[in-house]
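Residue-level structural notes
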Amino acid sequence: MIVNQTALATIALTDMMYQLFCYNNDMRVYKGFQQQGGSSRHWYSFDRANSDKWNQMMLVDDAVESMLKNGGSIIAVGLFCQWVTEVFSSEVIIKRSNFKLQQTKTLLESKAEFERNFDRELAATEFNADILVPRGHVHYRYVYRWAHKAGYTPVRERVLDINDTYWSECEYWFDYFGPDEDDVGLIYYLDYE
């Protein structure tokens, strides 16, 4: 999917300009266009007991997060950061946008490194080397899914529950044979410990 990085940065910037205007004038602050996820209009319930700095940093964080969730890359975040320095005079907002740019660079570098160095055999061997990991006859796969805040995180999925085309789309996984999950879908040692 091709995403217009400039458009994402522009939407994030204009949303944040509108939000800060509303915030500074004690008006209801609606979530941005990219953050909606539908037609309903959600709004922030800022606690005025928090400092203005904290609330402004939250708006910057949400703007960057919404760009990344909508297919944004370091290009969109870089444009957003550049434009923030041109539009805003608030030192808090400028510093936070620069911090988010550096954080995004680091996260995307770690993503690229994970993808470059992923070894399915090694991941399975390291996981199964733990003598406390329960063994069984049920075939699971631990699938690594990308999340913008947490990086790659493994999620256990039962192989029989998902068709084969799913596995060809997921590149990062390893096999595990363990016991049946309980009625909540958990395996005690892996999910509670």
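Residues numbered from 1 in each chain as written. Predicted model: local features only at pLDDT ≥ 70, side-chain atom pairs only at ≥ 80, totals over all residues. Heavy atoms only, no water.

**Describing the pattern of salt bridges**
Threshold: Here, a salt bridge means any Lys or Arg side-chain nitrogen found within 4 Å of an Asp or Glu carboxyl oxygen. Strands are runs of DSSP state E lasting at least two residues, helices are runs of H or I lasting at least four, and both sets are numbered from the N terminus onward. Between buried and exposed lies partly exposed: a residue is buried under 20% and exposed over 50% of the maximum accessible area for its type, with that area taken using a 1.4 Å probe on protein chains only.
For the structure on display, the rule yields seven salt bridges. Measuring nitrogen to oxygen at the nearest pair gives 2.6 Å for the salt bridge that ties Asp175 to Arg141. You can see Asp175 sitting in strand S3 (residues 173-178) and its partner Arg141 sitting in strand S1 (residues 138-147), a full 34 residues away along the chain. Asp175 gets classed as partly exposed once you look at its relative accessible area, which sits at 28%. What makes Arg141 buried here is its relative accessible area of 13%. In this structure, Arg156 and Glu181 form a salt bridge, with 3.0 Å as the shortest nitrogen-oxygen distance. Of this pair, Arg156 sits in strand S2 (residues 151-158) while Glu181 is found in the loop between S3 and helix H7 (188-192), placing the two residues 25 residues apart along the sequence. Among the residues examined, Arg156 registers a relative accessible area of 14% and is labelled buried. With a relative accessible area of 28%, Glu181 lands in the partly exposed category. Several salt bridges converge on common partners, so that one network encompasses Asp61, Arg96 and Lys100.

**What to know about helix H3 (residues 74-87)**
Note the threshold: Multiply 1.5 Å by the residue count of a helix minus one, and that product is the helix's expected span. Any two residues whose heavy atoms approach within 4.5 Å are treated as being in contact.
Compared with the 20 Å implied by 1.5 Å per residue over 14 residues, the 20 Å span of H3 between its first and last C-alpha is a close match. Among the residues of H3, Ala76, Val77, Leu79, Phe80, Cys81, Trp83 and Val84 are the ones counted as buried. Lining the buried residues of H3 we find helix H1 (5-24), helix H2 (52-69) and helix H4 (91-117).

**What to know about unusual backbone geometry**
Phi is positive for Asp26, which is not a glycine, with a value near 55°. Residue position: Asp26 is located in the loop between H1 and H2.

**A few points about H1**
Going by this rule: Under the rule applied, a polar contact is a pair of N or O atoms within 3.5 Å (in protein, one hydrogen donor and one hydrogen acceptor; residues adjacent in sequence only if both atoms are side-chain atoms).
The first and last C-alpha atoms of H1 sit 28 Å apart over 20 residues, in line with the 28 Å expected at 1.5 Å per residue. Considered for burial, the residues of H1 that qualify are Gln5, Leu8, Ala9, Ala12, Leu13, Asp15, Met16, Gln19, Leu20, Cys22 and Tyr23. Structurally, the start of H1 carries an N-cap: the backbone nitrogen of Thr6 is 3.1 Å from a side-chain oxygen of Asn4. Of the residues one or two after H1, Asp26 is the one with positive phi, at around 55°.

**Digging into the sheet that holds S1**
Put simply, the test is: When DSSP finds two or more bridges between a pair of strands, those strands are recorded as paired. Only the contacting stretch of a helix is used when fitting its axis, a line to C-alpha atoms as for every element, and angles between N-to-C directions run 0 to 180 degrees.
Spatially, S2-S1-S3 is the arrangement adopted by the three strands of the open sheet, whose pairing is antiparallel. Pairing within the sheet leaves two strands with one partner each, and these edge strands are S2 and S3. Across the sheet, the axes of successive neighbouring strands diverge by a mean angle of 30°, strand direction being ignored. The strands that helix H5 (residues 120-128) touches are S1 and S3; relative to S3, the one it contacts most, it runs at about 35°.

**What to know about the side chain of Asp61**
By the secondary structure assignment, Asp61 is in helix H2. Of the residues examined, Asp61 reaches a relative accessible area of 19% and is grouped as buried. In contact with Asp61, other than residues within four places in its own chain, are Arg96 and Lys100.

**Description of the pairing of S2**
Bridge count for S1 against S2 is eight bridges, and the pairing is antiparallel. Within S2, the residue paired with Ala147 across the bridge is Gly151. The hairpin formed by S1 and S2 contains three residues between the paired strands.

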